[in-house]
Every structure is written in structure tokens, then in C-alpha cells.
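Listed below are the residues making up each chain.
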Amino acid sequence: MSLAEHENAGNTGRAATADDAGTASAQRPATASPRAAAVADLVPHLRAILGEDGLLTDRSQRRTYESDGLTHHREVPGVVALPTSADQVAAVVRLCHEHGVPFVPRGAGTGLSAGALPHSDGVLLVTSRMRRILEIDIANECAVVEPGVANLDITRAAAPHGYYYAPDPSSQQVCSVGGNVAENSGGAHCLKYGFTVNHVRGLDVVTPAGDLVRLGGKAADAPGYDLIGAFVGSEGTLGVATRVVVNLTRTPEKTVTLLSAFDSMDAGGRAVSSIIGEGVLPSAIEMMDALAIEAAEAAVACDYPEGAAAVLVVELDGPTEEVDAQVAQVEHLCAQAGSFETRTASSAEERALIWKGRKSAFAAVGRISPAYIVQDGVVPRTALPEVLRRITELSADSGIRVANVFHAGDGNLHPLVLFDDAEQGAWERAEEVSAQILDLCVEHGGSITGEHGVGVDKACKMPRMYGPDDLETFDLFRRSLDPDGTANPEKLLPTPRLCGEQPGVQRDVHPLVASGHAEQF
Amino acid sequence: MAGSSRTPIPVVRDGTPQDTVGGLAPARVAEPSSTEELSRTLTEAAGEGRAVTLRGGGTAQDWGPPPRSLDLLVDTSRLSWIDHDPGDLVVEVGAGTPVADLYAHLAKEGQRLSYDPVRAGGTVGGAVATGASGPRRLLHGALRDLVIGMTVVRPDGVVARSGGRVVKNVAGYDLAKLHTGGHGTLGAVASVAFRLQPEPAALRLVEAEFEDRAGAERALAQVRESPVVPSAVELSAAPGTPFSLKAVLEGTPDGLRPRADRAVQAMGQHAQVHEGLPSGWGLRPTSGPLAWLSVPPAESVEAAALLGRRVGVEGCAPRGALHLSWPEGTPPAEVASVLEEARARPEWAATLVRADPGTDEAVDRWGEVPGLALMRAVKDSFDPDHRFAPGRGPGGT
Amino acid sequence: MTEPISGDTDQRFSELLDDCVHCGFCLPTCPTHVLWGQEMDSPRGRIHLMEQMHEDDVLTQAAVGHFDNCLGCLACVSACPSGVAYDALIDHTRHKVEEQHERPVPERALRGAVFSLFPYRARLRMMRGPLRAYQATGVGRALRKSGVLDRISPTLATMERIAPPLSSPPPPLPEFVPAVGSRRARVGMLVGCVQGAFFPEVNTATARILALEGCDVVIPRSQGCCGALSGHSGRLDEAARFTRALVEVFERADVERVVVNSAGCGSSMKHMDRTLEEAGADPAWVRRARAASEKVVDLTEFLADLGPQAERHPLPVHAAYHDACHLSHGQGVTSAPRELLARIPELTVSDLPNKEICCGSAGVYNLFNPEPAAELGDRKGQDAAATGAQVLVSGNPGCSMQIGSALERAGTPMPVAHTARVLDASLRGLGTEVLLGP
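Residues numbered from 1 in each chain as written. Chains lettered and ligands numbered in written order. Predicted model: local features only at pLDDT ≥ 70, side-chain atom pairs only at ≥ 80, totals over all residues.

We count it as follows: UniProt positions are given in the numbering used here, feature names are shortened, and annotations may be inferred rather than shown by experiment.
As recorded in an unreviewed UniProt entry, chain C goes by the name Glycolate oxidase iron-sulfur subunit, listed as coming from Nocardiopsis coralli. Reading the Function (unreviewed entry) entry of the UniProt record for chain C gives the comment "Component of a complex that catalyzes the oxidation of glycolate to glyoxylate."

### Some thoughts on the overall build of chain A
What counts is decided by this rule: Working definition: helices are DSSP H or I runs of at least four residues, strands are E runs of at least two. Numbering for both runs from the N terminus. Burial is judged by counting the other C-beta atoms within 10 Å of a residue's own C-beta: 20 or more makes it buried, 12 or fewer makes it exposed, and any count in between marks it as partly exposed, with every C-beta position built from the backbone. Residue pairs are scored as contacts if the distance between their C-beta atoms, which are placed from the backbone, is within 7 Å.
Looking only at helices and strands, chain A features 19 helices and 19 strands. In chain A, which comprises 521 residues, the share counted as buried stands at 64%. Relative to all contacts within chain A whose residues are 6 or more apart in sequence, the contacts with residues 24 or more apart total 71%.

### Regarding the overall build of chain C
The helix and strand inventory of chain C stands at 26 helices and nine strands. Of all 438 residues assigned to chain C, the portion counted as buried reaches 54%. Intrachain contacts of chain C at a sequence separation of at least 6 include 78% that bridge at least 24 residues.

### Notes on the interface of chain B and chain A
Test applied: Three classes are used: nonpolar for Ala, Val, Leu, Ile, Met, Phe, Trp, Tyr, Cys and Pro, charged for Asp, Glu, Lys and Arg, and polar for all others, with Gly counted as polar.
Listed as interface residues are 76 residues of chain B and, on the opposing side, 72 residues of chain A. Ranked by residue count, the leading element in the side of chain B that touches chain A is helix H11 (residues 372–382) of chain B, at eight residues. Class assignment for the residues of the side of chain B that touches chain A results in 35 nonpolar, 23 polar and 18 charged.

### Quick look at the interface of chain A and chain C
Taken together, the 37 residues of chain A in the interface contact 31 residues of chain C. When contributions to the side of chain A that touches chain C are tallied by element, the ones reaching two or more residues are helix H1 (3–9), helix H4 (59–63) and helix H13 (348–364) of chain A. Of the residues in the side of chain A that touches chain C, the class split is 12 nonpolar, 18 polar and seven charged.

### Quick word on the nonpolar core
Selection rule: A set of buried residues qualifies as a nonpolar core if it consists of Ala, Val, Leu, Ile, Met, Phe, Trp, Tyr and Cys joined through C-beta atoms within 7 Å.
Of all hydrophobic cores here, the largest spans 407 residues; its most connected members are Ala81 and Val92 of chain A together with Ala319 of chain C. Among residues more than four places away in sequence, those in contact with Ala319 of chain C are Leu341, Leu347, Val349, Ala389, Val391, Val393 and Val422 of chain C.

### Some details on the sheet that holds strand E5 (residues 82–85) of chain B
Residues and elements named next belong to chain B. Defined as follows: Here, strands pair whenever DSSP counts at least two bridges between them. Angles here are taken between N-to-C directions and fall from 0 to 180 degrees, while the axes themselves are lines fitted to C-alpha atoms, restricted in helices to the stretch in contact.
Spatial ordering of the open sheet is given by E5-E6-E10-E8-E9, a layout of five strands whose pairing is antiparallel. Across the chains shown, the open sheet's two edge strands, defined by having one partner strand only, are E5 and strand E9 (159–163). Across the sheet, the axes of successive neighbouring strands diverge by a mean angle of 10°, strand direction being ignored. As paired strands, strand E8 (residues 147–153) and strand E10 (residues 188–195) are joined by six bridges and run antiparallel to one another. For Val147, the partnering residue across the bridge sits in E10 and is Phe194.

### Some remarks on helix H6 (residues 86–100) of chain C
Residues and elements named next belong to chain C. Note the threshold: A helix is expected to span 1.5 Å multiplied by its residue count minus one.
When the terminal C-alpha atoms of H6 are compared, their 20 Å separation across 15 residues agrees well with the 21 Å that a helix rising 1.5 Å per residue should span. Across the 15 residues of H6, 11 count as buried, placing the element largely inside the fold. Those residues of H6 that sit buried are Tyr86, Asp87, Ala88, Leu89, Ile90, Asp91, His92, Thr93, Arg94, His95 and Lys96.

### Section: the confidence of the model for chain A
All names here are of chain A. Applicable threshold: Per-residue confidence from the predictor is reported as pLDDT, a score between 0 and 100.
Model confidence for chain A is summarised by a mean pLDDT of 89, while 89% of its residues fall at 70 or above. Every residue in residues 502–513 scores below 50 in pLDDT, and together they form 28 contacts with partners more than four places removed in sequence or on other chains. Overall, residues 515–521 carries pLDDT values under 50, and its contacts beyond four positions in sequence, including any with other chains, amount to 23 contacts.

### Quick notes on the pairing of strand E6 (residues 142–145) of chain A
Residues and elements named next belong to chain A. Where burial is concerned, the two faces of E6 agree: the one with Cys142 and Val144 and the one with Ala143 and Val145 are both buried. Relative to E6, strand E5 (residues 133–137) runs antiparallel, the two sharing four bridges. Looking at the pairing, Ile136 lines up with Ala143 of E6. Where E5 folds back on E6, the antiparallel hairpin that results is connected by four residues, among which Glu141 adopts a positive phi of roughly 50°. Across four bridges, E6 lies against strand E10 (residues 240–247) in antiparallel orientation. Looking across to E10, one finds that Cys142 is bridged to Asn247.

### Quick notes on the domain arrangement of chain A
All names here are of chain A. Rules: Note: domain ranges come from an automatic or database domain assignment.
You can read the domains of chain A as domain 1 (3–126), domain 2 (133–250), domain 3 (254–443) and domain 4 (459–514). Contacts between domain 1 and domain 4 engage 10 residues on the former and six residues on the latter. Elements with a contribution of two residues or more to the side of domain 1 that touches domain 4: helix H5 (86–99) and strand E3 (103–106). Take the side of domain 1 that touches domain 4: its biggest share by element is three residues, from E3.

### A closer look at the sheet that holds strand E2 (residues 79–81) of chain A
Residue and element names in this part refer to chain A. Pairing in this open sheet of four strands is mixed, and the strands run E1-E2-E4-E3 from one edge to the other. The open sheet has two edge strands, strand E1 (55–56) and E3, and neither has a second partner. Where H5 meets the sheet, it contacts E2, E3 and strand E4 (123–126), and its direction lies at approximately 165° from that of E4.

### Regarding the environment of Leu79 of chain B
Within the secondary structure layout, Leu79 of chain B lies in the loop between strand E4 (72–75) and E5. With residues up to four places along the chain from it excluded, the contact list for Leu79 of chain B reads Pro32, Ser33, Leu38, Gly94, Ala95, Gly96 and Ala190 of chain B.

### Observations regarding the environment of Glu490 of chain A
Residues and elements named next belong to chain A. Here Glu490 lies in the loop between helix H17 (468–481) and helix H18 (496–499). Taking the number of C-beta atoms within 10 Å as the measure of exposure, Glu490 has 19 and is therefore partly exposed. Distance from Glu490 to Gly366, taken between C-alpha atoms, is 30 Å for residues 124 residues apart in sequence. When residues no more than four places from it in sequence are discounted, the contact partners of Glu490 are Val456, Thr495, Arg497 and Leu498.

### Quick word on the arrangement of the chains
Of all two pairs of chains that touch, the greatest number of contacts is found between chains A and B. Across the gap from chain B to chain C, with no contact made, the nearest C-alpha atoms are 21 Å apart.

### Some details on unusual backbone geometry
Residue and element names in this part refer to chain A. Even without being glycine, Asp221 reaches a positive phi, approximately 55°. For Asp221, the location among the structural elements is in the loop between strand E9 (212–216) and helix H9 (227–231). Non-glycine residue Glu235 carries a positive phi angle of around 55°. Examined against the element boundaries, Glu235 turns out to sit in the loop between H9 and E10.

### Re the packing of helix H10 (residues 265–277) of chain A against helix H12 (residues 320–337) of chain A
Residue and element names in this part refer to chain A. Quick reminder of the rule: Should the near helix be turned counterclockwise from the far one by less than a right angle, the crossing is left-handed, whereas a clockwise turn marks it as right-handed.
Between H10 and H12, whose axes approach to 8 Å, the crossing angle comes to 140°. Helix-helix and strand crossings are classified by hand; for H10 and H12 the assignment is right-handed. In contact with Ala267, Arg270, Ala271, Ser274 and Ile275 of H10, H12 contributes Val330, Leu333, Cys334, Gln336 and Ala337. Partitioned by chemical class, the residues of the contact of H10 with H12 number seven nonpolar, two polar and one charged.

### Some points on the environment of Val104 of chain A
Residues and elements named next belong to chain A. Looking at the element boundaries, Val104 is found in strand E3. Along the backbone, Val104 and His119 are 15 residues apart, and their C-alpha atoms lie at a distance of 6.9 Å. The residues touching Val104, leaving out its near neighbours within four places in the chain, are Ala116, Pro118, His119, Gly122, Leu124, Leu125, Gly236 and Asn488.

### Describing the confidence of the model for chain C
Residues and elements named next belong to chain C. Mean pLDDT over chain C stands at 86; residues scoring 70 or higher make up 87%. Scored below 50 in pLDDT, residues 1–7 makes 17 contacts in the model with residues more than four places away or belonging to other chains. Quick note on the complex model: pTM equals 0.90, ipTM equals 0.96.

### Things to note about helix H7 (residues 213–225) of chain B
Residue and element names in this part refer to chain B. Formally: What the arc describes is the spread of directions from the helix axis to the C-beta atoms.
The end-to-end C-alpha separation of H7 is 18 Å, in line with the 18 Å expected for 13 residues at 1.5 Å each. Listed as buried for H7 are Ala216, Ala219, Leu220 and Val223. Around the axis of H7, the buried residues are gathered within 100° of arc, so they sit on the same side. Turned more than 90 degrees away from the buried face of H7 sit Ala214 and Glu225, all of them exposed. In the core, the buried residues of H7 are packed alongside strand E12 (202–210), strand E13 (232–237), strand E14 (243–251), helix H8 (253–267) and helix H9 (300–307).

See the structure below:
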């Protein structure tokens, strides 16, 4: 069908009154797969569930959902559903289940692993209209929210009571709690406070069969298997969270942020090791290299010390007396490691200024490079210096610039591999460097993702980290809850279609296996 | 790939009266000394359709009902090894490693696993399989929060690893969550990797007793509102005794002095400050009926007041994670009645962990288990013939 | 604050589009996304629609609707970590829409009517008489209550609702107001169309403050509209015509700075060069416009820079400061007005919750898209009321009308004053009645 035909079927305003089932069918030529026909068949049913306003069928509108934060992967969704209630979500999923149509959950679309990449023959289930904070329950130190609520909005709502929501991914003002649950999002402060999974007490889940099930609640330790623990981080492959009970954490009495500048990454790395080694547990230790600093300066004028080859952002929080002692200790340790300037900020404004540079770093790289790949890998902290050196070598050998922004405290690297997308073959070369960095992580006993998730992007890289039996076991679990494979298919685990004939083949021997601590069969 | 060429060591022997679990004597007992041996043993057991139960230190064999059938008891005590990366604050241990050995090892490096065991003499595998966490879960998280990786041998003998040895990792499903507290019904835990912490320089215990509920509630609220950041706030109540609150503070000696003062202010001037933990800290009674009670945290003191007239109540008040303990020989009807009283409250869940021998018929151990259908689906996938600790799974699965 | 679309405009447009990395940081600050929670009504989604428009060279009816829905508040520009020039993108897109898209007849008629009225101070002023008479009769209140207007035409209803209560007009300003005391600068002053017609007292106050702070103030009578309303609606030729005229007027005035007290005008006048460039003006004109733009400064920004000279008298009042989008997002001016207010003895200033979200006025947006505008106005009204302040202070006439009417609608009326009037009251030692009423 021609574009113009689509366009004529479109609507003018926000209401998705667009084309009808007939048009949707017309988009599918007679040769369409049985599944494709099924999506079109669903449209009247979906409209009955969601109303005129809750379903997008116009192609130009659907196209705006073609990717999440990882734009390299694109696919126009069959239809877009914008439910406003758990019942609507359940009804849509049940419909998909009955017709064998895939569905893909999506929150704010900020994910960086294409975990919300739409299915062209499926339903994209967007929670952006389910954004009510249902309850801030201070007595029980929890918040009850709908999945589309932005992470930071929980903290905003809890702050007047002296509480906050601890997980703070750098997209926290945008990213949704439902997305955080799907990805088990961390953030700068997970070094001390853990990840989403450590802060979710209860979940209402629509299962792939379309049943609405309540797991846990305001009370901890629900009886039976820890399904909440397994659901968090399952990337939408086990269903859709429609209501989330999260822990609220008491705002620390005192928070101090230090910014320490070094003339080499090695010196910064030494400071990190000695801070951890001395038994200080900062809430965050972040590191940026010269290129990342340059980008942040260009974007937000964060005014980091001039000439720094590395900056360390260290945050300490807790009871005043403990924090004061730790600040002195960290200042001393940074100086010992060779820091040429350390700034200490305790007011909210000053701290925000230090964080501004760090938090904007990813997007800011857009200022110094036409395009870039954000990598996410983890190494044991003690392997950081070695791995960073190897990344520098990789960069030098390939002539591709790599900016480093990372959570140094827990060894979570975020190399930003820069390239010019206008240049022929540049993406492929950058992608190669990026993949080699992941290999480095696995080689050092780390992980292919610390917080961005596997999604589509790394599904084919799972065999580098896990053996065939591990992967088969993951799949066994997945199939136990989604036997028909309609929930976010082709994400998280390698499939022959995505990864070629032998998804289970492992390229490298995992160090655990090499050292005899783990075995493979 | 690893060692089918290695000479198999005899790992299986006949069962003895000491190997009895809940009155059932296993015909055979396996004592594997490696993950590979464990795998081979379980592969064989699968081929022969044998019912399997696991044993670590044997301290929790009376937790959960007796298995419905038992052919092979797998004793993990030879799966004992510690691989510690002090610089990374990570340790990986064999499931049969005694918790005490692990703690002694870590202490030499000034580190610890921030977990208070609830039983003495247990193994790491047993702690993980039962999943129960002691008082300091308040600040440091329950045991499930400290596990970063796990190797499990599935009921069909396949070895599967999830997670890893780095503290941050979201690759793949977090299957360790299912096995933590899974009571060995989904497979055999072979090894576990944990995140560690540096051992704090000093510790204070601030303790106070309260005659009435209002006093305890006020003190608890004030501790929560104060910025002292306790690692634990343990509440206890029992028939004929006052309410007691014990707050644990950890940190530097200089920092602890003012923090303890503020905790005393919050808990009342009669509160006492100690410089160490009492013996038996966090341990639950080793005999008599024992139940988990979880309530919305704001109702912890209410639960202690309501049920404390009939049964011992103790646990982490700010998490609402409590346990109930009765003297041995308590009539099952009384146990059942307390459980029913608790289950009648919205959002309260009570699970009987240990019953006196022979009383199982008289008490519903589980009550309603939300999500049971999903749990059954998981069980059916991993253990389709229900051979692993049959009857010990959620809702009696 | 943004780069002009130069040379091959389409090529430049494409490059500007490429700056967007789809991170989504703009979503929570976008008023239409706040209202509707769908991608196409967010900046990220609109940029995607622009990409479609650019790549496929087709302008869909759906896309036009979503472009029209944009308030142009530029909150996304403030939020964007990648520095995407959304302002330039949406201006260009609107121009394209006006060029290529055939609007339905009633819509065309309404747009024609609005653009033949608003950019012309004299025509607006002529409306004052009938409006004042109409307000005096009380018919307005009855009509408003009945909701009849809402049913007949939401746009008419909006125009009726937001018209401020009018008193008899103050005498027109002289063309020159000399500095009081030592002379520190010679500045030009923009009168503005809406400001001039509906809020002449703000202009009087502005001239007085500038003079009291030591400025010779030049107020050319021949000045017309700055072209912002037309420019932000894609009526590029019209905008360019207004711009050229204005550049000439202030060139003749021979001033160091051109002080603007209306955020919308100021925001637009700071890039008159871009406007002319988009319209295809010759480089010489673009240069002249750039030179003129460089002199443009918001009143608060100018005063904060200049530093206080005149004495501030106490003004015991609790004020809530509303960031006009075209001041905060469009010009990055947020601290200057707060500083000026905070320096007034006994005055306290609060921020509104959700301060980065637009009030829904957005130039003539509330006339073309009355429903969402009203909804946003209601939200802003609630946020203003939540501050518990006695008076709402804002630097833009559109915002004042919009929020004032929302507050009244909600039954929580609150006086709304321009920053200049608050300063004026303090400088002249008037009581709070000037702001709060008797």
C-alpha cells in the first residue's frame, strides 16, 4: 500500500481515530504470514478494549515507536496499544495469547538494549498512560505506583516526607518504573543501595496467558518461590507489571559529594581501589575520562577541573558523624593516589552541579561525535586498570575514539564508542570495537551487561558468557511461564533466526570453567 | 566437557538410621565431592526415577513437611570449598561449606557476608535453600539480596549457572532467586557467589523493653525517623514478657558514640547500650513449631501484641518479617488457630515451617499462596516428575 | 541559543534532526506528553515525524495534527542533553506545514482572523472598548457560567475568558523618558502588541523602573509587532516583514540595548537573523538582524546585570514566581527575575511545583487548541494555588491572562502581576494594594 493511502487514513489530533481494521488488513497483502493476518484481525477487538483513543494503527504514528533508546534496531509495530488500566493490559495480553500474537511491553522507551523493539506482527503495549502514583505509604515505607510512573517522580512524591526511591538510573527523570522492573535497573548508587530487585516488594503481573496475578505486597517475604526476584530483570519476557510496590528509603541525614581530578586514569583507579580497600562504602564512585569530560563540558558546562585526564565522583551518605569521618578519609586517599584537585560539596545545589556532568555524559557525547555506541559491560573491580588499558589499546589500534564513563565502585563500564555515521563502514568498525570490549569483560570474569540488559542487542552475545546448558535452563524457565512464546519474543536469549545456526556455541571458555569453579557439559 | 574421563569416586552408600528425614529412611545416600559428581548422581537418579532430598548440615531437615517419598538423600558436606576475591569483595563457596567456616575465613581478611544465620551449624547451601534471614537484613538485605551467582544441578542432572562473580550483572534470568528459599525442590544448589562487605570497625546494640504496645510502637517509629541508620531493629514479644526492641548500629567508634546516644533518645532513657551482640543472636529456636509471619511493617508491633499473648513473636520489625515459635508439644489445634488468626488479617501471611512430628495433618502449613499456579508451572518445568523433596514446595507442591 | 538553518535549509534541517539520539529526556517536560502520554505528542516523537516528513517527503494529516499540538514552549530544549535545536526544527516544520498543507476551511478562517488581529496593537486596542463594556455589564460572568460559548466555539470561549479585566487606558508613553539621577545607559524599549494593548500599565512600570535605575529610555512610536506570533505559527513571510520593520526602528533609535518585557517577544527577537534567513532574506539583511538581535535583552536580565541603584522599599507580600516558557526555556532567564524579587525587602518568593511545564498559553496556542490549553491552564492554576502565595508573578502577558483565568475558573482567584509592576511598586514605595487590590 502506498504511503499516501496510509496518510489519508491518518487522523489529525492526538486521538488515534486513524484507520480501521479494514485499512490494517489492507496493509497486509494476501501473501502475509498467518500471524500478520492475526494482528489485523485483532484491531476491532483491541479497539473494543482500549477505545478509539487507546489504539494506534496509523503508520506514521506507529513509526514513532519503531525503536527504544537504542535506535540502531528498528521495527514498526503492528499496532500500538495505550492501555490505562491493568484490566486493559490483561485483556490485550489475553487476546494476544488466544490468537498467538506476540506482544512487546514498553515503558518510556529509554532502554539501551532494544528490549522494547516492537514486533512488526505484534502488539506494542505501552504503559505511558498508566502513570498514577497510587499511594505514598510512609508508615510502611513504600510507594504503590503504576508502571508508567517515572522513576524520579517517586522520589519527588516521597521527598516531603524525608524519603526517596533509591535506584537511580541516569535516565531517572524519564524512565518508567515498569521499565526499571523489566530491566532490573541500577544506577550510580547501587554500589551501596542495590538494584531495582532489592527494592521491589510487590508486583501485579499480567502473565503471558493474560491472567492478572498479585505477587507480594506491602509485606516482605511472600510465601513460596521468590517469583518477584525472578520477574524483576526478565525484560518483559514473563509478562507485564501493572502495579509495583517499591521500598522507600529514609533520606540520609547527610550527603557529601566529592569531585576529585587526576592526571591519569591509572591514578583515579588507584584511588578507587584504596577507598574500597579501606572499608569505606560510598553510595557511589563514578569515573569519567578526558573525552567524556570534554563532552559533558560542551553540553552542560559542568566546570570540572581543567586539564583532568580522569575525574572521580564519590558520594558518601549516612549519619553526619560517619559521613564527616569518611569525607576526610576519602580526601586523604584521593590525595595519596595523586589527585591534583578535590572539591567537596554538601549543599544540594553544589552536589547537583557535580552530578550534572556525570548524568548528562551519555547524551552529551552527541556534542562531540555524530554518533556513538554505548557499551555496558562489567569486570571485577580489581581488573579495571588492566581492562581500561586494553580498551585504550583497542582504541589506538582501530583509530576509533572511546570515551569512558563508568561506575568504578562495581566495575560497571560504559565505554562510548564514537563514530561518524555518515562515513561508510564506520558503524561496523565501531561495533567491532564495542564487541571486543565485551569480550574483554567476559575474559576477565565479568558480564556482558551490568544494567542495560540483553534485549535484542546482546541476545547473540549470551553464549559468550553462558554455556548451552545455562541457556537451555533459562529457556526452560521462560517456557514454564510463557509456553507459547508470545511475551517479547526473540529478546534476552539467542535464537537461530537472530544469531545463526548455532546459538549455543561458546567462543571463549569462561574463566570460572577454566579455573575449575564451574563446569560445563 | 569437564571430566567424564575422570575415574568416578564412589559417592553413594547405603542409608543408615542417621539419614532418616521426617521418619523416612533413604535407601541410598550420595556424598558427591564436586559439582560434576553431584550432576552424575542426579542424572542417574533421574534415569531411575528416584525421589531425592538434599541435606547440608542437617539442621533444617525438620523444616517443611517430611518429603512424600525418599529414595536418595544427597549430602552436600563434601562440596566444601571457598574461593575468595578480597579485592573484589566477592566470594564463591561450595554448597556444603559450613557457614561458620566461611565466616572465619572472611574475618581473616576483615570482610564479612552481612547475613545473620537463623540456625547454628548449618551449611551455606542449607542457608540458601531455606532462605531465612536474620536481623541485619534490615540494612544489608535478606540473603537473596546478597547472592550474585549460583550453580545449580537440575533434577535431570544438568548443571546450570546463572549470575556470575561480579556484583552487577543483568545478563539472563536471576534463577538464584528461585532457589533461594526453594527448599531444594527445584534442584540442588552446588555453589553460590556472594557480595561481601568490609567488617565495620565497631558495633553497638541499643536495647529497651516496653510494658505496653504504645510504648514499643512509639520507640520503633522514632528509631525509624531518626537518622541513625540501624543495621537491625529486632522486635520480640512472648506471653508474659514485655516487648523488647534491639537496635544494632555499625560504623566507626567515633561515629557510633553520638549515634548510640540518638538511638537512646529515640527508644527512651531506659534503653541500654551494649558493645557486642548477645550469644545466640538471630538464631531461632531449634525445637517446637516455628512459623514465618510477614506483615506490612507498620503492623509489626500490632502483630506482636495480638499474637504475642499466645506465642513467641520475634523478628525484623521495620520489614514486617517476623517468626512465631511455640514450645514443643503445643497442641496442633492451638498452632492452627494462631495461624488462622494471623491469616485473617489483610496482607498478613503465615507459613508453618516446622511442626511437631506427627502433627502435619492437623495444620495447614501454607494458607493461601498468591501466585501458586505460576509456582507450580515453574516446578513442573524443572522437576516434571516431582521427585525433588516432594511435598515441600509452595502450597505442598 | 540555537544555530540558524543556513545554506541548504533542507540539508541543515536533516543535520539538526540527526542530533537527536532518542534518549527521551524531553518527555517529562513536554506539556502534551504530560497530558496524553503518547510518543507522537512528545518532542522525541515529533522529531521522528519530522524525519518521516524529511525522508519520505510526505506530510501526513496525522503528523500535521501532532505538529499543531506542540505549544512551542521549548521546555524540551532546556531538558535536552544533546543540544537538539528543537526550536529551529519546529519553526522550520511549521513553515513547511503552512506552505504545503491545505488546512480545512474553518481552520483557515480562524487562523486568518487571529493573525489579522493580534500582531496589530491598534486593532487590539480598538477591542478594548467593547470588551470593557462587556465586562462591566456582568454578562461575561453569566455567559461563562452557562458554558454556552464552550459549546459554540471553544476558541471564542477562550478569547472571552482570558481577556483581562480592563480599566481605562493610561496615557500613552512618551517617546523619550530621561534617566533619573546619574545616567547609566541608553536603552530602547519594546512595547509589544498584547502587552501594549491589554497591559499598558506594565509598559508604564517598565519605563519608570528603567528611568529610576538610571537609563534614558527610547520608546519609538513607530514600532510594530516583533513577528513572534507569526513566526511560531509558520507564517514566515509575515514574520519577516514585521522583523525588518522592527530592525529598522531600533537601528534608528540608536540605543545600547533593546529592553523587552514580554518573554515571547524577547525570545523571538533574540534570533531575528534566523527568522530572516529562514524566509530567504539576503545576507546583508541577516547581518543587520543579527546585530539588532544581539542588543535584545529581557528586562529582568538587564536589571540584574546593571545592578540596583534606586532604593527598594519594603513590600510585605508572598509571591509565587511563574517561569514563562519563552523566558526560562527560550532565553534561559530563570535566576534574574528571582534575584530581583528576592532583593525587595519583606517580599518572599516561592517556586511553583512542575515549574518547567507550560501553562498552555503559548502565544496564540490557546486560541487554536483551546481544550489542551485549558487543561494545562488548570494544572498550572492548581500548582499556583498550592504555593499559598498572595500574588503570582510572571514575565509574559500571555501567561498572566491564561493562569489568571484558570485560577478564577477553579474558584481560587489570585492576582497576577508582571515582574515589572512588582519592582515598580517597591521602587515607588507603594503599598501591596497596587498588586493585591484593596
